[in-house]
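Each chain, letter by letter, is given below.
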Amino acid sequence: MKKLPIVVLISGRGSNLKAIIDAQDPLVEIKAVISNKSKAGGLLYAKQANIATEVLGKFTSKLEFDQALQTCIDKYQPKLVVLAGFMRILSPEFVNHYQGHIINIHPSLLPEFKGLHTHKRALAAKVKQHGASVHFVTAELDAGPIIIQAQVPVLANDDENILAARVLNEEHRIYPQAIHWFAEGRLKLYKQQVLLDNQPIEVSNENF
Ligand code: NHR
Ligand code: GAR
């Protein structure tokens, strides 16, 4: 099978990028890693793996930023855009350009705890289960159709860091899995529904 060209967007540490690199999926080729922060640690993982890197500087408006980002991504002609700890909200125009070809990993069991500081909020809410979700990106923040989730327990002595680390371990497992399904051609967004092997999946939780 032909390799799926992907571009990964990061803003920071890049441990999810590293997990995708380390998975060495024979069906996936990372064409470039793009960061909106020049100091993002994840850029080093890309360089070590001989992957092209790009840094987008500051722009006067969100519109200009999104247009520059789109131009930068499209140079690499990816079939999938992967947000991996990318911390900027993207415009509807940008998201629509990649409709069905852009995914994100979010550190909560969506639709719970959209947005930022998910672990702190999960602890404050005293939930028993927390986790991570991979979803197709749509204009509405963290509201796109869910592809796969992983759950972890919240334990009595957890603080934000311990809980985040437990969730992150699962992120590193489910993100390469979701990308692999897409590369196999088994995963599609059809009319706001996720199809795996042409069957709608509500949420694919641990069933692989
Ligand atoms: N864009 C759209 N249109 N839809 C989504 O679902 C998106 C998105 C862009 C990023 C990732 C997301 C997450 O998984 C994501 C999903 C950034 C913020 C945020 O508030 C929220 C959610 C996500 C990413 N960012 C601030 C902003 O004003 C900046 C915060 C900062 O720089 O520290 O862009 O959680
Ligand atoms: C991950 O936990 C990811 O789910 C989260 O940020 C972390 C990035 O870590 N993403 C968001 O919160 C998006 N707003 P990483 O840079 O080590 O992959």
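Cut-offs applied
- Residues numbered from 1 in each chain as written.
- Chains lettered and ligands numbered in written order.
- Predicted model: local features only at pLDDT ≥ 70, side-chain atom pairs only at ≥ 80, totals over all residues.
- Heavy atoms only, no water.
- Axes fitted to C-alpha atoms, helices over the stretch in contact; angles between N-to-C directions.
- Helix = DSSP H or I, 4+ residues; strand = E, 2+ residues; numbered from the N terminus.
- Parallel < 35°, antiparallel > 145°, perpendicular 65-115°, else oblique.
- Left-handed = near helix turned anticlockwise from the far one by under 90°.
- Contact = heavy atoms within 4.5 Å.
- Nonpolar A, V, L, I, M, F, W, Y, C, P; charged D, E, K, R; others polar.
- Expected span 1.5 Å × (residues − 1).
- Buried < 20%, exposed > 50% of the residue type's maximum accessible area, 1.4 Å probe, protein only.
- Pairing = 2+ DSSP bridges.

Draft legend 1. Highlighting the packing of helix H1 (residues 15–23) against helix H6 (residues 160–183). It is the contact of H1 with H6, at a shortest axis distance of 9 Å, that shows an interaxial angle of 50 degrees. One element, H1, and the other, H6, form an angle in the oblique class. For the pair H1 and H6, the sense of crossing is right-handed. Contacts between H1 and H6 involve Ser-15, Asn-16, Ala-19, Ile-20 and Ala-23 from the former and Leu-168, Glu-171, His-172, Tyr-175, Pro-176 and Ile-179 from the latter. Taken together, the residues of the contact of H1 with H6 break down into seven nonpolar, three polar and one charged.

Draft legend 2. Layout of helix H3 (residues 62–74). Helix length check: H3 (13 residues) gives 18 Å between terminal C-alpha atoms against 18 Å at 1.5 Å per residue, within 8%. Contacts from the buried residues of H3 go to strand S1 (4–10), strand S2 (28–35), strand S3 (52–55), strand S4 (80–83) and helix H4 (92–97).

Draft legend 3. Focus on the pairing of strand S6 (residues 129–136). Across the eight residues that make up S6, a large majority, seven, are buried. In this structure, S6 lies alongside strand S7 (residues 146–153), joined through seven bridges in antiparallel fashion. Bridge assignment links Gly-131 to a residue of S7, and that residue is Gln-151.

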